[in-house]
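A structural walkthrough
So you can see what is in the structure, the chains are spelled out below.
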Amino acid sequence: MRKYLYSENGFVEKPLWAPNCWVNVECPDHDDFQFLTRELNVPESFLEDIADADERPRTETEGNWLLTILRIPMQSSNPQIPFITVPIGIITNNDIIVSVCYHRTELLPDFIQHTRRKNICVNNKLELILRLIYSSAVWFLKYLKQINNEVANAEKELEKSIRNEDLLRLMKLQKTLVYFDTSIRGNETLLAKLKFKLQVDELDADLIEDVNIEMSQARETTNIYSDILESTMDTYSSIINNNMNTVMRTLTSVSIIMMLPTLISSFFGMNLINGLEDYRFGFIVAIIISVIISALSWIILRHKRLL
């Protein structure tokens, strides 16, 4: 699906393409592919690179075409990972600006609505790229807040009882933070390259500073949450090991206590003369001895804090 967007105090959608308008393509089909390659002459290699889900943030030139790939966050349909990052490519020429993303995200519609609410006029392709990077940082922070809430909820459940489901939930969030950190660092590297490749005027300098601040905040927040989550996982791992040691210690102590009556009964059960063969209360004596020794064992183990 493609949209033709014109910057008029915010991006306005119109039915036809004209030079210098922004062609936003999401989840391109065959018709979109034909339009891009045949009517706009966009290099097919660029579209193939953007389609690679593992493509890293970078820039590439081919003739007078410039491809800028950055990674943006989105909610995942895969239950194993709640949030992922996907590549979006901005392909520019002298009078052509095309963005292509093979996934439907919340970022692009929100970005367009934001320009309309704030009456933002995007004057050139560099400003569009910078504002998209800025918007990606904002959405990284939004999803990081959701991740933090998920971690807090999982911790509350783990305080009640340590379950595998909650630990796996934390592990999935930890994976997401790794993806976020890698993508944000890649976007920061891309931003640094753009500042050297493209000319930046005074207005763009202020925007670049805002983008740098937002990207730094997203990276630092990701690192903080990642460190906290890693520490939390280590803590619960230690708790599990401690609980296991406590259980094993208790079982061992109980086994020792139960072993002593068995030992006494074994002595009296031997086919040997022990003086109680003809005694009327011999069985009761054996039971009393067993109980006394078991009680003494329990008291000793309790005193040693082994029970």
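For the structure itself, consult the block above.
Residues numbered from 1 in each chain as written. Predicted model: local features only at pLDDT ≥ 70, side-chain atom pairs only at ≥ 80, totals over all residues. Heavy atoms only, no water.

**Some details on the overall build of the protein chain**
Of regular secondary structure, the protein chain possesses 7 helices and 7 strands. N-terminal to C-terminal, the α/β element order of the protein chain is β-β-β-α-α-β-β-β-β-α-α-α-α-α. Against the globule reference of 19 Å for 307 residues, the protein chain gives a C-alpha radius of gyration of 34 Å, more extended than a compact globule. Buried positions account for 40% of the 307 residues belonging to the protein chain. Within the protein chain, residue pairs in contact and separated by at least 24 positions form 63% of the contacts whose partners lie at least 6 positions apart. As presented, the protein chain carries roughly 17,400 Å² of accessible surface, and 55% of it is formed by carbon and sulfur atoms. (Helix = DSSP H or I, 4+ residues; strand = E, 2+ residues; numbered from the N terminus. Rg over C-alpha atoms; globule rule 2.2 N^0.38 Å. Buried < 20%, exposed > 50% of the residue type's maximum accessible area, 1.4 Å probe, protein only. Contact = heavy atoms within 4.5 Å. Areas by Shrake-Rupley, 256 points an atom, 1.4 Å probe, with all protein chains shown as cover.)

**What to know about the packing of helix α3 (residues 107–117) against helix α4 (residues 125–160)**
At a minimum axis separation of 10 Å, α3 and α4 run at an interaxial angle of 115°. The crossing of α3 and α4 is right-handed. Here α3 contributes L107, L108, D110 and F111 to the contact with α4, which in turn contributes L128, R131, L132, S135, S136, W139 and K142. In terms of residue class, the contact of α3 with α4 is built from 6 nonpolar, 2 polar and 3 charged. (Axes fitted to C-alpha atoms, helices over the stretch in contact; angles between N-to-C directions. Left-handed = near helix turned anticlockwise from the far one by under 90°. Nonpolar A, V, L, I, M, F, W, Y, C, P; charged D, E, K, R; others polar.)

**A few points about the pattern of salt bridges**
Inspection of the entire model under this criterion finds 10 salt bridges. Notably, a salt bridge pairs K14 with E8, separated by 2.8 Å at the nearest N-O pair. We classify K14 as partly exposed; its relative accessible area is 34%. Sharing partners across several salt bridges, the network here consists of D49, E55, R58 and E60. (Salt bridge = Lys/Arg side-chain N within 4 Å of Asp/Glu carboxyl O.)

**Points about the nonpolar core**
Counting residues in each nonpolar core, the largest one holds 52 residues, and the members touching the most others are F11, W22, L128, I133 and I147. Going through the elements one at a time, β5 (65–75), β6 (83–92), β7 (97–101), α3, α4, α5 (164–197) and α6 (202–268) are the ones with two or more residues in this core. Considering every element that reaches this core, the biggest residue donor is α4, with 16 residues. Beyond its immediate chain neighbours, meaning those up to four positions away, F11 contacts L5, Y6, W22, F111, I112, T115, R116, V122 and L128. If you look at the next biggest cluster of nonpolar residues, it comprises 19 residues, including C21, F46, L47 and W65. (Core = buried A, V, L, I, M, F, W, Y, C linked by side-chain atoms within 4.5 Å.)

**Focus on the environment of Q217**
Here Q217 lies in helix α6. Here Q217 falls in the partly exposed class, since its relative accessible area comes to 39%. As for Q217 and F140, which are separated by 77 residues in sequence, their C-alpha atoms are 9.8 Å apart.

**Thoughts on the sheet that holds strand β3 (residues 22–26)**
What links the strands of a sheet is backbone hydrogen bonding, and the strands pair in either a parallel or an antiparallel sense. Here 7 strands make up an open sheet; going across it, the order is β2-β1-β3-β7-β6-β5-β4 and the pairing mixed. Looking at the sheet topology across the chains shown, the edges are occupied by β2 (11–14) and β4 (58–62). Adjacent strand axes in the sheet meet at a mean angle of 30° when their direction is disregarded. Inspection of the sheet shows β3 paired to β7 by 5 bridges, in the parallel sense. Paired with N24 across the bridge in β7 is S99. (Pairing = 2+ DSSP bridges.)

**Quick look at a nonpolar patch on the surface**
A surface patch of nonpolar side chains, amounting to about 1,200 Å² of accessible area, comprises Y279, F281, F283, I284, I287, I288, V291, I292, L296, W298, I299 and I300. Here I292 lies in helix α7 (residues 282–303). For I292, a relative accessible area of 46% puts it in the partly exposed group. (Patch = residues over 30% accessible without salt bridge, like charges linked within 9 Å, V, L, I, M, F, W, Y side chains within 5 Å.)

**Notes on the pairing of β7**
Among the 5 residues of β7, 5 are classified as buried, and the element is accordingly described as predominantly covered. Side-chain alternation along β7 places I97, S99 and C101 on one buried face and V98 and V100 on a second face that is also buried. Two strands pair when backbone bridges link them, and β6 and β7 are joined in this way by 5 bridges, in the antiparallel orientation. Counterpart to G89 in the pairing with β7 is V100. Count of turn residues in the β6/β7 antiparallel hairpin: 4 residues.

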